[in-house]
Amino acid sequence: VNPGWKCLRANWKLSQDSAVKNIRVTWISENSDTNSVDIAPTDTAYTIQGLDNENYQVMVQSVAQDGTPSLADKENKKADTAAAVAKSATKTNTT
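This structure is a prediction, so every number in the text was calculated from the model and none was measured.

Peer 1: Quick rundown of the environment of D33? Include the residues and the values.
Peer 2: Here D33 lies in the loop between β3 (20–29) and β4 (34–39). In this structure D33 comes out as partly exposed when scored by relative accessible area, which is 48%. For the pair D33 and Y56, spaced 23 residues apart in the sequence, the C-alpha separation amounts to 9.5 Å.

Right, here's the structure in full:
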């Protein structure tokens, strides 16, 4: 998962399993707000946009034809925002 301006970009390897119906990307904020999107099984990346200056847990799962999700591959990241960039610039300029 790579941070961007008010977004996070999740990347994963293409599933070779023919039983995969779609890929589910789920993100959970520090406040426990949970969102998810199901995308094509041939996709290998998704950009989560419109994020606030919070830490997010991002999970990527394959979903079988019967709707059963795989075990989640999880990662925690924070989106870049004006507050985060200003804080980073302040740290960089104090030498």
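Peer 1: With reference to specific residues and values, describe the nonpolar core.
Peer 2: Formed by 15 residues in total, the largest nonpolar core has its most connected members in L8, W12, I23, V25, W27, L51 and V58. Elements that contribute at least two residues to this core include exactly β2 (7–11), β3 and β6 (55–64). Considering every element that reaches this core, the biggest residue donor is β3, with four residues. Filtering out sequence-adjacent residues up to four positions away, I23 remains in contact with W12, V37, D38, I39, A40, P41, D43, V60, Q61 and S62.

Peer 1: So what's going on with the sheet that holds strand β5 (residues 45–49)? Which residues, and what values?
Peer 2: Two strands in a sheet stick together by hydrogen bonds in their backbones, pointing the same way (parallel) or opposite ways (antiparallel). The sheet built from three strands is open, its strands ordered β1-β2-β5 with antiparallel pairing. Strand pairing shows two members of the sheet lacking a second neighbour, β1 (2–4) and β5, which therefore form its edges. For this sheet, the mean angle separating the axes of adjacent strands, direction not counted, is 20°. The sheet contact formed by β2 and β5 spans five bridges and is antiparallel. Residue pairing across strands places R9 opposite T47, the latter belonging to β5.

Peer 1: Can you explain the side chain of T26? Please cite residues and give values.
Peer 2: As for its position among the elements, T26 is in strand β3. Residue classification places T26 among the buried positions, given a relative accessible area of 7%.

Peer 1: I'd like a description of the pairing of β3, backed by residues and values.
Peer 2: In terms of burial, β3 is a largely internal element, seven of the 10 residues being buried. Judged from the nine bridges that link them, β3 and β6 form a sheet pairing that is antiparallel. Within β6, the position partnered with V25 by the bridge is V60. One ladder, built from six bridges, connects β3 with β4; its direction is antiparallel. Considered in β4, the bridge of R24 is made with D38. Counting the residues in the hairpin turn of β3 and β4 gives four residues, including S32, whose phi is positive at 70°.

Conventions we followed
- Residues numbered from 1 in each chain as written.
- Predicted model: local features only at pLDDT ≥ 70, side-chain atom pairs only at ≥ 80, totals over all residues.
- Heavy atoms only, no water.
- Helix = DSSP H or I, 4+ residues; strand = E, 2+ residues; numbered from the N terminus.
- Buried < 20%, exposed > 50% of the residue type's maximum accessible area, 1.4 Å probe, protein only.
- Core = buried A, V, L, I, M, F, W, Y, C linked by side-chain atoms within 4.5 Å.
- Contact = heavy atoms within 4.5 Å.
- Pairing = 2+ DSSP bridges.
- Axes fitted to C-alpha atoms, helices over the stretch in contact; angles between N-to-C directions.

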